[in-house]
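Observations on the model geometry
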Amino acid sequence: MDIHQILDYLPHRYPILLVDRVLDVLPGERIRALKNVSVNEPYFPGHYPHHPVMPGVLIVEAMAQTAAILAFKTMGSKPDDKSVYYFVGIDNARFKKPVGPGDQLVIDVVLSASKRGIWKFSAKASVDGQIASEADLICAVRPTP
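Let me sum up the structure you'll find in this document.

Bringing the nonpolar core into the picture now. The nonpolar side chains of a soluble globular protein tend to be buried, and buried together. Membership of the largest hydrophobic core comes to 42 residues, with the highest contact counts inside it found for Met54, Ile69, Tyr85, Leu105, Phe121 and Leu137. The greatest single-element share of this core, amounting to 12 residues, is contributed by helix H2 (residues 56–75). In this view, Tyr85 contacts Ala64, Ala67, Ala68, Ala71, Phe72, Phe121, Cys139, Ala140 and Val141; residues no more than four positions away in its chain are not counted.

With that out of the way, let us pick up the packing of aromatic side chains. Throughout the structure, instances matching the rule amount to three aromatic pairs. Aromatic pair Tyr43 and Phe44: ring centres 4.8 Å apart, planes at 70°, arrangement edge-to-face. Using a relative accessible area of 3% as the deciding quantity, one classes Phe44 as buried. Note on Trp119 and Phe121: the rings are 6.3 Å apart at their centroids and 5° apart in plane angle, and the pair reads as stacked. When its relative accessible area of 2% is taken as the criterion, Phe121 is described as buried.

What follows concerns the pairing of strand E5 (residues 118–127). Where strand E4 (residues 104–115) and E5 come together, nine bridges link them in antiparallel fashion. Along E5, the bridge assignment pairs Ile107 with Ala125. The loop that links E4 with its antiparallel partner E5 comprises two residues; one of these, Arg116, has a positive phi angle of about 50°. One ladder, built from 10 bridges, connects E5 with strand E6 (residues 130–143); its direction is antiparallel.

What follows covers H2. Compared with an ideal rise of 1.5 Å per residue, which puts 20 residues at 28 Å, H2 spans 29 Å between its outermost C-alpha atoms and is within 8% of the ideal. Among the 20 residues of H2, 15 are classified as buried, and the element is accordingly described as predominantly covered. Among the residues trailing H2, Gly76 stands out with phi positive, at a value near 70°.

With respect to the secondary-structure elements, Arg30 resides in strand E2 (residues 30–36). Arg30 gets classed as partly exposed once you look at its relative accessible area, which sits at 35%. Not counting residues up to four positions away in its chain, the partners in contact with Arg30 are Asp24, Val25, Leu70, Val109 and Val110. Separated by 2.3 Å, the side chains of Arg30 and Asp24 make a polar contact.

A few words on the sheet that holds strand E1 (residues 21–26). Sheet architecture is open: six strands sit in the order E1-E2-E4-E5-E6-E3, paired in antiparallel fashion. Strands at the two margins of the open sheet, each flanked by one partner only, are E1 and strand E3 (83–95). Adjacent strand axes in the sheet meet at a mean angle of 20°, parallel and antiparallel pairs treated alike. Here E3 pairs with E6 via 10 bridges, running antiparallel. Across the sheet, the residue bridging to Asp91 is Asp136, located in E6. The strands that H2 touches are E1, E2, E3, E4, E5 and E6; relative to E3, the one it contacts most, it runs at about 130°.

Analysis parameters
- Residues numbered from 1 in each chain as written.
- Predicted model: local features only at pLDDT ≥ 70, side-chain atom pairs only at ≥ 80, totals over all residues.
- Heavy atoms only, no water.
- Core = buried A, V, L, I, M, F, W, Y, C linked by side-chain atoms within 4.5 Å.
- Buried < 20%, exposed > 50% of the residue type's maximum accessible area, 1.4 Å probe, protein only.
- Helix = DSSP H or I, 4+ residues; strand = E, 2+ residues; numbered from the N terminus.
- Contact = heavy atoms within 4.5 Å.
- Phe/Tyr/Trp six-rings, centres within 6.5 Å; stacked < 30°, edge-to-face > 60°.
- Pairing = 2+ DSSP bridges.
- Expected span 1.5 Å × (residues − 1).
- Polar contact = N/O pair within 3.5 Å; in protein donor to acceptor, adjacent residues only side chain to side chain.
- Axes fitted to C-alpha atoms, helices over the stretch in contact; angles between N-to-C directions.

So, in structure tokens, the structure goes:
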């Protein structure tokens, strides 16, 4: 999926859209996506000016956005104004390698379980084949309040 197709599956927009391309998706099972980390990212001037590092919470957010695409592809639907896809839990989050300008974050997400609108995923983000971060994610689709 290119960026135009991704925009159909995620309500996020700049500066919080953190998925640039989907390389592979098997609905109901797994997805692989990319985030190209540029020196022009809006958080680098403050995190940290002398040694830019992508914040870990944004790496986890990129994994959650990738998981959302997998969930919508699995449901055979796209986001609309009648429901919201919430990020409701993070377990076992680990940060193993800093991510910086010029890195390409490869995000792999596997669907672990889905029941009554609750989705559980196992996610890993890597750079050059080395794991940068991993976490178990829990998301929920709920009606818009």
